[in-house]
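Descriptive analysis of the structure
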Amino acid sequence: MKLEICPDIETVSQIAAERLATMIRAKPDLGIVVATGNTPMPVYAELVRMQARGEVDCRNLRVFQLDAYLGINDDDPRSLFGWMMRSFITPLGIAPENVVRFAALPPDPPAECLSYAAKVRAMGGYDVAVLGLGPNGHLGFNEPPSADDAPTRVVALTEQSVASNGHYWGGPDAVPRQSMTAGMDLLLSARAILLVVTGSRKQIILNQTLHGPVTPQVPASYLQTRPQALILADADAAGGKTA
Ligand code: F6R
């Protein structure tokens, strides 16, 4: 695991987008799994600007959904698929057939999780995972405790995730209690992992991720065991430190 600390969110986002652009130039059909949540939004916006300036062409990317709330249809404002479409797929002009997703209202959610994981594996796994850090150390919706071999599955959200995701949807009552998530096994096998961490509310959990014990209680701590992981943090998240 490598750590790079930048002075502010803008710099984090520029560096993250530039790293992704370098990978995309080398492999235009890169397989990328993309987090929603607030943290990576400026990264995606920067990638869109780079594409508009002709600096990168993202249209042939193969994109994988990271996670989905259970019981939420695509036209619901809380749909994470919808958020990924609005922030990444549509502005970058990626064809819907190049997107691997979780079905919105699967009749058998555990079977849907198996089917998603089988598709990812059949496509050779993820080239790159762009992830945010949950306030409880989750990656995707791999809630604590999640070990490094936790599979793609249905997960019950912890109270901390419900509270934190309540910020997106106007309060905890609007947050679904279950989700489907790409497993730790798939995420930690990505050939490159980019964890973006910004803001002072991530200070304690970032410190545990970087320096605490490697434990299922902090799923992101498994990144310590992954040389292909780069953590890009701003000074607020890194406790005021800049590189
Ligand atoms: C989103 C996701 C979550 C978020 C994490 C951080 O698809 O899987 O793991 O990345 O909760 O959220 P923000 O960026 O809003 O702080």
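Structure report, in brief.

Here the focus is the pattern of salt bridges. Enumeration over the complete set of coordinates arrives at twelve salt bridges. For D76, the salt bridge goes to R78, with nearest N and O atoms at 2.9 Å. With relative accessibility at 24%, the residue R78 sits in the partly exposed group. Here the residues in one salt-bridge network are K27, R62, D127 and R191, joined through shared partners.

All right, on to the site of the ligand then. Lining the immediate environment of the ligand, one finds 15 residues, of which T39, D67, H138, Y168 and K202 sit closest. The separation between an oxygen atom of the ligand and a polar side-chain atom of R201 is 3.1 Å. In isolation the ligand exposes 410 Å². Once the protein is present, 97% of that is buried. When each cavity is represented as a set of grid points, the ligand is found to reside in the largest cavity. A per-class count over the shell around the ligand returns four nonpolar, eight polar and three charged.

In the structure shown here, the tally under the stated rule is two cavities of 30 Å³ or more. As a volume, the largest cavity reaches approximately 280 Å³. Together, 23 residues line the largest cavity, and T36, G37, H138, N165 and Y168 are the ones closest to its centre. Elements that contribute at least two residues to the lining of the largest cavity include exactly β4 (67-69), α3 (80-89) and α5 (159-169). Counting residues per element, the lining of the largest cavity draws most heavily on α5, at three residues. Considered class by class, the residues forming the lining of the largest cavity number ten nonpolar, ten polar and three charged. As for the second largest cavity, its lining consists of 13 residues, of which A68, Y69, I72, S79 and A104 are closest to the centre. Residue assignment for the lining of the second largest cavity shows that the elements contributing at least two residues are β4 and α3.

Counting 81 residues, the largest nonpolar core has L47, F88, Y116 and Y126 as its most contacted members. With near-sequence residues (within four places) excluded, L47 lies in contact with A17, L20, A21, I24, V56, C58, F88 and L92.

For the rest of this paragraph, the subject is the sheet that holds strand β2 (residues 31-34). Ordered by their spatial adjacency, seven strands build an open sheet running β1-β10-β9-β6-β2-β3-β5, and the pairing between neighbours is parallel. Lying at the two open borders of the sheet, with one neighbouring strand each, are β1 (2-6) and β5 (99-100). Bridge count between β1 and strand β10 (residues 229-234): five bridges; the pairing is parallel. When the sheet's bridge partners are listed, K2 is paired in β10 with L230. Of the strands in this sheet, β1, β9 (192-197) and β10 touch helix α7 (residues 203-211), which is tilted by about 150° from β10.

Criteria and thresholds
Residues numbered from 1 in each chain as written. Predicted model: local features only at pLDDT ≥ 70, side-chain atom pairs only at ≥ 80, totals over all residues. Heavy atoms only, no water. Salt bridge = Lys/Arg side-chain N within 4 Å of Asp/Glu carboxyl O. Buried < 20%, exposed > 50% of the residue type's maximum accessible area, 1.4 Å probe, protein only. Near = heavy atom within 4 Å. Polar contact = N/O pair within 3.5 Å; in protein donor to acceptor, adjacent residues only side chain to side chain. Areas by Shrake-Rupley, 256 points an atom, 1.4 Å probe, with all protein chains shown as cover. 1 Å grid on protein atoms, 1.4 Å probe; cavity = no way out; pocket = protein on both sides within 12 Å on 5 of 7 lines; lining within 4 Å. Sits in = over half its atoms within 2 Å of the grid points. Nonpolar A, V, L, I, M, F, W, Y, C, P; charged D, E, K, R; others polar. Points joined across faces, edges and corners; volume = space filled by probe spheres on them. Helix = DSSP H or I, 4+ residues; strand = E, 2+ residues; numbered from the N terminus. Core = buried A, V, L, I, M, F, W, Y, C linked by side-chain atoms within 4.5 Å. Contact = heavy atoms within 4.5 Å. Pairing = 2+ DSSP bridges. Axes fitted to C-alpha atoms, helices over the stretch in contact; angles between N-to-C directions.

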